[in-house]
Amino acid sequence: MIKIILLVVGIGFNAFMYGQGTINIDTEKSVIKWSGSKLFQFNEHYGTVAFSKGTIFWSGDMVMGGYFEADMNSIVNTDGKYNDMLVSHLKNEDFFDVENHPIAQLKIVEALYVEEDEIGVEALLTIKEVTHPIKFNMSVEQRGQAYVFKSKFAIDRTRWGISYESKGIVGSVKESIISDAVAFEVVLVTKPGC
């Protein structure tokens, strides 16, 4: 009974803290940069994905959480190699199956300040309706009336069911194997005055 009471109090306290302040990101200035490569070739591809929306939760002047959605239809390739063909392939069922899963989500569930301008983040990442926890560090900088958050992290794409030409797939040709690691560099810019 005490555990239940503490849980209810904890949920209420989190809701109270989150209710203290929210700030939306500027989707025009915020961006997700991605990169991937072949495992046995010097053949890297990179590009961007746009946010459709995002909100950061504050308590006082500290980040407590956040929720973000990425528009998977906005995937572009910026390295100049095989652009249309590559983007079309990334959008089909071999990779992100964008027609059936147009939105990817990230929910920050815990934010612990490592330094005054650096936050250790625990989050839930959902791609293709599959959710797994991830951890990364995020820097924060105030620029005028806006805040800029930056982070870098990598995921194992196979955890989210993206296993095309993975090294773990029997029959994959060595020269065609794509690294399971996908790297992300994320920049969040808040709207001033939100």
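The model shown is predicted, which means the values in this text are computed figures rather than measured ones.

## Focus: the overall build of the protein
Of regular secondary structure, the protein possesses 2 helices and 9 strands. Mapped from its N terminus to its C terminus, the protein presents α and β elements in the order α-β-β-β-β-α-β-β-β-β-β. Burial statistics for the protein: of 194 residues in total, 39% are counted as buried. By sequence separation, contacts in the protein at least 24 residues apart represent 56% of the contacts at least 6 residues apart.

## Quick notes on a negative patch on the surface
A surface patch of like charges, here negative, comprises D61, E115, E116 and D117. As for its position among the elements, D117 is in the loop between β5 (103-115) and β6 (118-127). The exposure class assigned to D117 is partly exposed, which follows from its relative accessible area of 45%.

## Details of the pairing of β6
The buried fraction of β6 is high, at 7 of 10 residues. As paired strands, β5 and β6 are joined by 9 bridges and run antiparallel to one another. Within β6, the position partnered with A111 by the bridge is V121. Counted along the chain from β5 to the antiparallel partner β6, the turn is 2 residues long. Of the pairings in the sheet, the one linking β6 to strand β7 (residues 130-143) comprises 10 bridges and is antiparallel in character. Along β7, the bridge assignment pairs I119 with M138. Once β6 ends, the chain turns through 2 residues before running back antiparallel as β7, passing K128 with a positive phi of about 55°.

## A look at unusual backbone geometry
Located in the positive-phi region is K128, a residue other than glycine, with phi close to 55°. One can find K128 in the loop between β6 and β7. Despite not being glycine, E129 shows a phi value in the positive range, around 65°. Summarising the element assignment, E129 is placed in the loop between β6 and β7.

## Structural notes on the confidence of the model for the protein
Close reading of the predicted structure is inappropriate where its pLDDT is low. With 83% of its residues at a pLDDT of at least 70, the protein reaches an overall mean of 87. This model gives residues 1-19 a pLDDT under 50, and the stretch forms 9 contacts once residues within four places in sequence are excluded. Of the regions scoring below 50 in pLDDT, residues 170-174 engages in 5 contacts with residues more than four places distant in sequence or in other chains.

## Comments concerning the environment of A181
Mapped onto the elements, A181 comes out in strand β9 (residues 181-189). Since its relative accessible area comes to 40%, A181 is described here as partly exposed. Sequence separation between A181 and S166 is 15 residues, and the spatial gap between their C-alpha atoms is 9.9 Å. In contact with A181, not counting residues within four places along its chain, are S35 and I155.

Calculation rules
Residues numbered from 1 in each chain as written. Predicted model: local features only at pLDDT ≥ 70, side-chain atom pairs only at ≥ 80, totals over all residues. Heavy atoms only, no water. Helix = DSSP H or I, 4+ residues; strand = E, 2+ residues; numbered from the N terminus. Buried < 20%, exposed > 50% of the residue type's maximum accessible area, 1.4 Å probe, protein only. Contact = heavy atoms within 4.5 Å. Patch = residues over 30% accessible without salt bridge, like charges linked within 9 Å, V, L, I, M, F, W, Y side chains within 5 Å. Areas by Shrake-Rupley, 256 points an atom, 1.4 Å probe, with all protein chains shown as cover. Salt bridge = Lys/Arg side-chain N within 4 Å of Asp/Glu carboxyl O. Lys, Arg positive; Asp, Glu negative; His and termini not counted. Charge placed at Lys NZ, Arg CZ, Asp CG, Glu CD. Pairing = 2+ DSSP bridges. pLDDT = per-residue confidence, 0-100.

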